[in-house]
Amino acid sequence: MFTNGNLVLYKNQAALIKECGEKYTVLYSGGTQKVREKDICLLHKGPISSLNELLSSETDNAAAHGLIERFNKTFDETWELLQDEGEPFYTLSSLAELAFGEFSAKQAFFIYDVLIKHPKFCAHPLQAPDEPRFGLRSAEEAQKELEKQNEKNREKEERAAFIERLRRKKLLLPQDGIFMGEVEALALGKTDKSKVMQEAGFSVSEEKAHKLLLDCGLWTIYRNPYPSRRGLSMQSAQESLPPFPQEETGRIKVDHTAYAIDNSWSSDPDDAIAFDGTYVWVHIADPAAAVMSDSPIDRAARNRGATLYIPEGAARMLAEESLADYALGLAEEKDSAALSRALSFRIKLNNVTGTIEEADVLKTQVKVERLTYEAADAQKTSAELAPLFTIAQKNIERRKASGAVFIDLPEVHISLTESGAQNEAVPQEKAQEQTGSDLKPHVEIKAAVQYESASLVREFMLLAGEAAARFAFKNRILFPYVCQEKPEIPRDIPEGLAGQYRLRRCMKSRSVSISPAPHSGLGLGMYSQVTSPLRRYSDLIAHEQLHAFLDGRPLLDKDTMLERMSAGDAAAGAAVKAERKSNQHWTLVYLLQNPDWRAEAVIAEIKGNQAVILIPSLAQEALIPLPPAKGLNDTLIVKSADINIPELTVTYIPVKEA
């Protein structure tokens, strides 16, 4: 139908037929394209030799010469003339000839563009490949269309004015806030595009969107976007676990008291330890007694991977309301006669070597007493706790002999308190709302106290993980084993923090597998994490497998186990990254709130003319120019500068010594 030199409509643009064949080659403003016949429709037969000449003609600048207004008026008159004709549709060429007495290729596209926007004409929906045709709207329809176009023009003008204000970062709030939704969505990681940022000439990225929201006053520095960017909920799981039944088969009552030892701010105790003179006991919270494999609660926990711990609060993997029934020792605090239900690891150790000789898994009821680390340290020589400290020390020596690597680097605890309040924590529900405007907390960063009882608990948890791995392997239970390759540690490890930093860099990444392998960093032949089923999905699925084995129910098959382990581990990894970014965010807020901050830093590594410093009071590391006459483990005083919240960067500058 088409021939070379025809002017056609392609993607609502003027195009020139350059070559005919099974497909047509067209030239348009976007370049050259091969198209099907149904993709184009005829505007003018031409022939036209140059599309550029056509588009650069006076019709291309018609608005500047008042042609749009004149053509619209002419077509108003044409519409009046055709009211009594009764024809349903008119071709583009016939309307042009009626209005102007001629139809030239020079003005064909311009006339089409005027008609397609004219409120008194409507385009026939099925035009291609024929010449465009237009019908007449009634007066009422034309009025409605005109109002609709006026509204669109008004919105376009408002948007253009907004874009100009955005470009200058001088918004009119709150009304301009409606245009900034996509910018906020980008800053929160819910999209990777922002048309308004592009229109205003800004680079499009999460960090740039964050900065723009700060600069325009829609966000404050207190807004933490990092959990959202990882797709993580800031709220705890909602579906509560059912309470334990009053009577359970197969659950034994043990006759000793176990101790749940944790930080003073901990509210979800999920482990307790004891020694009855023969066996070491590690009692673990038992949500797997109620969470069935692949149930809605199990899937929700798998999607979270782990409880999210950030300074604003904890977004729990399992429902907050379930803690009263499933965390250890909470019931006893309300009722001295109450007992906690647990999945317990009963371990018999060799009296000489400290190695595990027997490992059993039991469903139990146990009396749990809660202690803070500080209280446990104060009672470490008591008849109740002294044996536990002895067992832990022997296990440390055993693991050292097996090549375990012990790394001691500074740790801190970041908390948020109400602005102006003294040691009054921000309510968790308020902190998690994250409005960015009404939350203005004061950030506190305190060095984590190194309690001896924290090492005690760690060693008992490692004994439980080793015992669980041995029990699963012995009974051929598909299980999530945690492994780590042996690190390559050089002989010239320096002393002090520089040495600890070097050791950490030598460590290999851990892996999770259904086949047992050594965990060299811990000095254990096989190991699994089983002590935090309220907080980690990998621990929960391990408990589900143990429960299925103890109850005689089918175990998960290999493929299902691998799939669920992988999903849970990926989600947990996202939570870890969000926690690190969140801690860095609040550290920078702390530095902004304390402009006179100064602190000691330690040189941990030297790289040419640069030094890696560790700042113990912040648990931060940074790269700075190597100060003169300074070496490994030397100290210096630093201050902060160039704090960039959106980019999560800060420069540390040495303070000149007096």
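In this text, all values refer to a predicted model and were calculated from it rather than measured experimentally. (Residues numbered from 1 in each chain as written. Predicted model: local features only at pLDDT ≥ 70, side-chain atom pairs only at ≥ 80, totals over all residues. Heavy atoms only, no water.)

1. A few points about the overall build of the protein
Put simply, the rule is: Secondary structure follows DSSP: runs of H or I at least 4 residues long count as helices, runs of E at least 2 residues long count as strands, and numbering of each begins at the N terminus. Put simply, the radius of gyration uses C-alpha atoms, and a globule should come to 2.2 Å times the residue count raised to 0.38. Relative accessible area decides the class of each residue, using a 1.4 Å probe on protein chains only: under 20% of the type maximum gives buried, over 50% gives exposed, and in between gives partly exposed. By definition, residues are in contact when any of their heavy atoms lie within 4.5 Å. Each accessible area is a Shrake-Rupley result for a 1.4 Å probe, and residues are judged covered by the shown protein chains and nothing else.
Broken down by element type, the protein carries 19 helices and 24 strands. Taken over C-alpha atoms, the radius of gyration comes to 36 Å for the protein, far larger than the 26 Å a tight globule of 658 residues would show. Burial analysis of the protein (658 residues in total) assigns 47% to the buried set. A separation threshold of at least 6 residues defines the contact pool for the protein, and within that pool the share at least 24 residues apart is 67%. Here the protein displays about 33000 Å² of accessible surface, and carbon together with sulfur accounts for 48% of that area.

2. Details of a positive patch on the surface
Note the threshold: In this scheme, patches are assembled from residues that exceed 30% relative accessible area and form no salt bridge. Like charges are connected within 9 Å, while nonpolar side chains (Val, Leu, Ile, Met, Phe, Trp, Tyr) are connected within 5 Å. Any Lys or Arg side-chain nitrogen found within 4 Å of a carboxyl oxygen on Asp or Glu counts as a salt bridge. We treat Lys and Arg as the positive residues and Asp and Glu as the negative residues; His and chain ends play no part in the count. By convention, the point assigned to a charge is CZ for Arg, NZ for Lys, CD for Glu and CG for Asp.
On the surface, a cluster of positive charge is contributed by Arg-230, Lys-577, Arg-580 and Lys-581. Of note, Arg-580 is situated in helix 19 (residues 558-593).

3. Topic: the packing of helix 18 (residues 537-551) against helix 19
Rules: Lines fitted to the C-alpha atoms define the axes, with helices restricted to the stretch that makes contact. Angles between their N-to-C directions range from 0 to 180 degrees. For classification, angles of less than 35 degrees are called roughly parallel, those exceeding 145 degrees roughly antiparallel, those between 65 and 115 degrees roughly perpendicular, and all remaining angles oblique. Residue type decides the class: Asp, Glu, Lys and Arg count as charged, Ala, Val, Leu, Ile, Met, Phe, Trp, Tyr, Cys and Pro as nonpolar, and the leftover types, Gly among them, as polar.
Running from N to C, helix 18 and helix 19 cross one another at 155 degrees; their axes reach a closest spacing of 9 Å. As the angle between them shows, helix 18 and helix 19 are arranged roughly antiparallel. Between helix 18, through Tyr-537, Ile-541 and Gln-545, and helix 19, the contact on the second element is made entirely by Met-561, Arg-564 and Gly-568. For the contact of helix 18 with helix 19, a count of residues per class yields three nonpolar, two polar and one charged.

4. Structural notes on the sheet that holds strand 22 (residues 620-625)
Inclusion rule: Paired strands, as defined in this entry, are two strands with at least two bridges between them according to DSSP.
One open sheet holds the five strands; their spatial order is 22-21-20-23-24, and the pairing between them is antiparallel. The open sheet has two edge strands with one neighbour each: strand 22 and strand 24 (649-654). Neighbour-to-neighbour, the strand axes of this sheet turn through a mean angle of 45 degrees, independent of strand direction. Alignment of strand 21 (residues 610-615) against strand 22, held across six bridges, turns out to be antiparallel. Across the sheet, Ile-613 pairs through a bridge with Ala-622, a residue of strand 22. Across the sheet, helix 17 (residues 496-506) lies against strand 20 (599-607), strand 21 and strand 22, angled at about 55 degrees from strand 20, the strand it touches most. Here helix 19 sits on the sheet and contacts strand 22, strand 23 (635-644) and strand 24; the angle it forms with strand 23, its principal contact strand, is near 100 degrees.

5. As for the pattern of salt bridges
Following the criterion strictly, the structure yields 36 salt bridges and no others. One salt bridge connects Arg-167 with Glu-164, and the closest N-O pair in it is separated by 2.6 Å. Taken together, the positions of Arg-167 and Glu-164, both in helix 5 (residues 139-168) and three residues apart, correspond to about one turn of that helix. As a salt-bridge pair, Glu-164 and Arg-168 come within 3.6 Å of each other at their nearest N and O atoms. Of this pair, Glu-164 and Arg-168 both sit in helix 5, four residues apart, which is roughly one turn of the helix. Here the salt bridges share partners, and the residues they tie into one network are Asp-262, Asp-268, Asp-270, Arg-316, Glu-320 and Arg-535.

6. Describing unusual backbone geometry
With omega at 0 degrees, the peptide bond leading from Gly-46 into Pro-47 counts as cis. On the secondary structure map, Pro-47 appears in the loop between strand 5 (40-44) and helix 1 (51-55). If you check the backbone angles, Lys-11 has positive phi at about 55 degrees while not being a glycine. For Lys-11, the location among the structural elements is in the loop between strand 1 (7-10) and strand 2 (13-19). Positive phi, close to 70 degrees, is recorded for Asn-633, a residue that is not glycine. On the secondary structure map, Asn-633 appears in the loop between strand 22 and strand 23. Here Asn-633 falls in the partly exposed class, since its relative accessible area comes to 27%.

7. Structural notes on the sheet that holds strand 6 (residues 90-91)
Whenever strands of a sheet pair, they do so through backbone hydrogen bonds, lying parallel or antiparallel. In spatial order, the strands read 6-8-7; together these three strands make up an open sheet with antiparallel pairing. A strand with exactly one partner marks an edge of an open sheet, and here the two such strands are strand 6 and strand 7 (121-123). Here strand 6 runs beside strand 8 (residues 133-136); their pairing, made up of two bridges, is antiparallel. Considered in strand 8, the bridge of Tyr-90 is made with Phe-134.

8. Thoughts on the nonpolar core
Cut-off, in case you're wondering: By nonpolar core we mean a set of buried residues, namely Ala, Val, Leu, Ile, Met, Phe, Trp, Tyr and Cys, connected to one another through side-chain atoms within 4.5 Å.
Residues Ile-261, Phe-345, Phe-460 and Phe-479 are the most contacted members of the largest nonpolar core, which totals 40 residues. The dominant element in this core, judged by the number of residues it contributes, is helix 16 (residues 452-474), at 11 residues. Excluding its chain neighbours within four sequence positions, the residues that come into contact with Phe-460 are Ile-273, Ala-274, Val-280, Trp-281, Val-282, Leu-388, Ile-391 and Ala-392. Residues Phe-244, Ala-258, Ala-260 and Tyr-279 belong to the second largest nonpolar core, which totals 32 residues.

9. Regarding the state of the cysteines
Stated formally: Here, two cysteine sulfur atoms that lie within 2.5 Å of each other are counted as a disulfide.
Under the counting rule described, the total for this entry stands at zero disulfides. Left unpaired, Cys-122 is separated from the closest cysteine sulfur, that of Cys-41, by 16 Å. Look at Cys-122 and you get partly exposed, because its relative accessible area is 24%.

10. Section: the confidence of the model for the protein
Where we set the bar: What pLDDT expresses is the predictor's confidence in each residue, scored from 0 to 100.
In the predicted model, the protein carries a mean pLDDT of 91, and 94% of its residues have values of at least 70. Segment residues 420-437: pLDDT under 50, and 41 contacts once partners within four positions in sequence are set aside and those in other chains are kept.

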